[in-house]
Amino acid sequence: MTDSLLAEATELLHSGDPDEALAIALRLSEGGDPEALAIVAQVLGERRERERLVEVAEAFSRANPDRSRGWELLGDALSLSGEKASALHAYAKAATCPDADAGRLACSKASALLQAGAHRDARAALDAVPEESPYLVRAAMLRLQSCNATGEHQVGLDFVAAALSGKALTAPPAELAWLMVEEGHARLATGQHQQAALCGVRAAALDRGNEGALYVLREALGMRSPDAHRYRLQLEADLVAEAGGGRFTAAYEVVADEPSEALALCQPLEPGATDFTITAFDKGQPTPELPKGVYSRSARETLS
């Protein structure tokens, strides 16, 4: 019963009903389910309800002191609230639990240290992630993020290339996307604009809602114009059979000189799509100060 409710909460979260997902996850977390607590943490974190998140995670950890995930998520919540010392204490408690996941915990601790600007300590924590860890991609992303923050862009690129070369990467698409975004930032900083653009496109394909990917792509293209305007477009396109087939629609916000250019900027972000049509558009304010490119896009909506 608990597993089916957890699956229901997860599905509700993915389908865009965070309120109901939160309600179910809160009930399950009160019963001691750490994965339900993770859903609670995701929803409350996205809503920036940090005090409530800390309260829920503290209550869970008091009731389940031997569950590492609870202490880890409490550490994450405290880190989001800027309480570095308390967060590190929670991670230390998590490490003493018999069910501790060393790789994931090292990444969580490193993320908190990065938020506090403690780059040396963060990298030391990441050194504990073994090569066979399922969190290797997350660890590589965090290290590259650290190197980007300290201006060591090529050092970060070299490390990631060595750490991930020849390995089958099984991380969730969103994590792979953020790795590509951080690589894109590093390549922008080192003047590798074509490679940065590829990073942006690949990240956007992995995680449709990742606005960091769109930023990298815009900066890599480096297109500005005195005639640029902000456009809102509604597009339709067909998917080839290999991509699932059918016709879909999606909304885009784009800076371009004219609708036809806006459409051209959207097309690379819809892999497997053909026969594009603009079904509606709205021309907004002039934006000569902004780089041309895509600024946001909606999920695809299948047409009957």
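The structure this text deals with has already been given above.
## Description of the packing of helix α4 (residues 50-63) against helix α5 (residues 68-80)
Reasoning step 1: Interaxial distance between α4 and α5 falls to 9 Å at its minimum, and their mutual angle equals 155 degrees. Considered as vectors, α4 and α5 are oriented roughly antiparallel to each other. Seen along the crossing, α4 lies across α5 with a hand that is left-handed. Between α4, through R50, L53, V54, A57, E58, F60 and S61, and α5, the contact on the second element is made entirely by G70, W71, L73, L74, A77, L78 and L80.
Reasoning step 2: Here the contact of α4 with α5 is composed, by residue class, of ten nonpolar, two polar and two charged.

## Describing the packing of aromatic side chains
Reasoning step 1: Taken as a whole, this structure holds one aromatic pair when the rule is applied.
Reasoning step 2: With centroids separated by 6.2 Å and ring planes inclined at 55 degrees, the aromatic side chains of Y231 and F281 adopt a geometry described as tilted. Of the two residues, Y231 is situated in strand β1 (residues 229-239) and F281 in strand β3 (residues 273-286); the sequence distance between them amounts to 50 residues.
Reasoning step 3: Of the residues examined, Y231 reaches a relative accessible area of 2% and is grouped as buried.
Reasoning step 4: Here the basic side chain of R218 rests over the ring of Y295, its NZ or CZ set 3.7 Å away from the ring centre.

## Details of the nonpolar core
Reasoning step 1: L22, I39, V40, W71, L74 and L78 are the most contacted members of the largest nonpolar core, which totals 35 residues.
Reasoning step 2: When contributions to this core are tallied by element, the ones reaching two or more residues are α1 (2-14), α2 (18-30), α3 (34-46), α4, α5, α6 (84-95) and α7 (102-115).
Reasoning step 3: At eight residues, α3 tops the list of elements feeding residues into this core.
Reasoning step 4: Setting aside chain neighbours within four positions, we find L78 in contact with V54, E83, S86, A87 and A90.

## What about the packing of helix α8 (residues 119-126) against helix α9 (residues 136-149)?
Reasoning step 1: Contact pair α8 / α9: the axes reach a minimum separation of 10 Å and the direction vectors enclose 160 degrees. Judged by the inter-axis angle, α8 sits roughly antiparallel to α9. Helix-helix and strand crossings are classified by hand; for α8 and α9 the assignment is left-handed. Where α8 abuts α9, its residues H119, R123 and L126 lie against A139, L142, R143, S146, C147 and A149.
Reasoning step 2: In terms of residue class, the contact of α8 with α9 is built from five nonpolar, two polar and two charged.

## What to know about the pattern of salt bridges
Reasoning step 1: On inspection of all chains with the given rule, the structure shows 18 salt bridges.
Reasoning step 2: A salt bridge links E72 to R104; the shortest N-O distance between them is 3.2 Å. With a gap of 32 residues between them, E72 in helix α5 and R104 in helix α7 connect regions that are remote in the sequence.
Reasoning step 3: Sharing partners across several salt bridges, the network here consists of E35, R69, E72 and R104.

Rules behind the numbers
- Residues numbered from 1 in each chain as written.
- Predicted model: local features only at pLDDT ≥ 70, side-chain atom pairs only at ≥ 80, totals over all residues.
- Heavy atoms only, no water.
- Axes fitted to C-alpha atoms, helices over the stretch in contact; angles between N-to-C directions.
- Helix = DSSP H or I, 4+ residues; strand = E, 2+ residues; numbered from the N terminus.
- Parallel < 35°, antiparallel > 145°, perpendicular 65-115°, else oblique.
- Left-handed = near helix turned anticlockwise from the far one by under 90°.
- Contact = heavy atoms within 4.5 Å.
- Nonpolar A, V, L, I, M, F, W, Y, C, P; charged D, E, K, R; others polar.
- Phe/Tyr/Trp six-rings, centres within 6.5 Å; stacked < 30°, edge-to-face > 60°.
- Buried < 20%, exposed > 50% of the residue type's maximum accessible area, 1.4 Å probe, protein only.
- Lys NZ or Arg CZ within 6 Å of the ring centre and 35° of its normal.
- Core = buried A, V, L, I, M, F, W, Y, C linked by side-chain atoms within 4.5 Å.
- Salt bridge = Lys/Arg side-chain N within 4 Å of Asp/Glu carboxyl O.

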